[in-house]
Amino acid sequence: MSHPASDVAFSPSVKAEQVRHGSRAQYERMEQGKGWSSTITPDLAASIAEARSFYLATASAEGQPYIQHRGGPRGFLRALDDKTLAFADYRGNRQYITTGNLAENPRAYIFIMDYVRQRRTKLWGRAKVVEGDEALLSKLIDPGYRAMPERAIVFTLEAWDRNCPQHIPRMLPFDDVAAAIGRLEKRISDLEAENARLREPARVAS
């Protein structure tokens, strides 16, 4: 008997809470309909290609959770096929909590927050650390990004969901805002220079 992809998150305990709070019927309809996807759709791939950061959650064998921010150039999280994501793991604080967790527990979770569009994308799956695979790393690194890649992390998708925009503050990336301000400042400078040129004959005539 097949199970809906959302069962990766909706455990019996979660479903019991949904029943207790009156939302179980809503999610049963979702499960019987289209439900959550277990593959990387074109829509998801497009969102991933725009991401400049995300959060990766892992846990130790004993279940101690850990979440870590991952950042890089736009599109550093790559879709390799319709079930697989990967990214270059750059040198950081050398605590190795994520890699240590994955060595004993492959379950992982990726959370992508898009503050511009006010949407959150949640991905459940399993991850592994890949070291010494230069061919794979060459597909993942951006030569223009100044950081030292130490390994690749490969994530196999089991299910994903996208939430509503409630309570997400709208924020814009600093680089995008700075570029927009730079364009406006140049336009203002050009207009001021043009205005000065237009006023020059009037000063000469007077």
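That block above? That's the structure.
Residues numbered from 1 in each chain as written. Predicted model: local features only at pLDDT ≥ 70, side-chain atom pairs only at ≥ 80, totals over all residues. Heavy atoms only, no water.

> What exactly am I supposed to notice about the packing of helix 1 (residues 12-21) against helix 2 (residues 24-32) here?
Helix-helix packing: each pair is described by the crossing angle between the helix axes and the interaxial distance. Where helix 1 meets helix 2, the closest approach of the two axes is 7 Å, and the angle between their N-to-C directions is 125°. Compared by their axis directions, helix 1 and helix 2 come out oblique. Across from Lys 15, Gln 18 and Val 19 in helix 1, the residues of helix 2 making contact are Arg 24, Tyr 27 and Glu 31. Residues that form the contact of helix 1 with helix 2 fall into these classes: two nonpolar, one polar and three charged. (Axes fitted to C-alpha atoms, helices over the stretch in contact; angles between N-to-C directions. Helix = DSSP H or I, 4+ residues; strand = E, 2+ residues; numbered from the N terminus. Parallel < 35°, antiparallel > 145°, perpendicular 65-115°, else oblique. Contact = heavy atoms within 4.5 Å. Nonpolar A, V, L, I, M, F, W, Y, C, P; charged D, E, K, R; others polar.)

> Which parts of the structure should I look at to understand the side chain of Glu 31?
Structurally, Glu 31 can be placed in helix 2. For Glu 31, a relative accessible area of 18% puts it in the buried group. Discounting chain neighbours no more than four positions away, the residues touching Glu 31 are Pro 4, Ser 6, Asp 7, Phe 10, Lys 15 and Arg 24. (Buried < 20%, exposed > 50% of the residue type's maximum accessible area, 1.4 Å probe, protein only.)

> Is there a simple way to explain the nonpolar core in this structure?
If you look at soluble globular proteins, the nonpolar side chains tend to sit buried side by side. With 20 residues, the main nonpolar core has Phe 54, Leu 85, Ile 110, Ile 112, Leu 123 and Phe 155 as its most contacted residues. Sorting elements by how many residues they give to this core places strand 7 (residues 149-162) first, with four residues. In this structure Leu 123 touches Leu 44, Leu 85, Ala 108, Tyr 109, Ile 110, Ile 112, Phe 155, Leu 157, Ala 159 and Trp 160, once residues within four positions along its chain are discounted. (Core = buried A, V, L, I, M, F, W, Y, C linked by side-chain atoms within 4.5 Å.)

> What should I look at first to understand the pattern of salt bridges in this one?
Any two side chains of opposite charge can pair if their charged atoms end up close together. This model, assessed by the stated rule, comprises 18 salt bridges. Between Asp 89 and Arg 151 there is a salt bridge, and its shortest N-O distance comes to 2.8 Å. Of the two residues, Asp 89 is situated in strand 4 (residues 84-90) and Arg 151 in strand 7; the sequence distance between them amounts to 62 residues. You can call Asp 89 buried: its relative accessible area is 3%. Taken together, the shared-partner salt bridges connect Arg 70, Asp 89, Arg 91, Arg 94, Glu 131, Glu 150 and Arg 151 into one network. (Salt bridge = Lys/Arg side-chain N within 4 Å of Asp/Glu carboxyl O.)

Bear in mind that shape data such as this cannot, by itself, settle questions of function.
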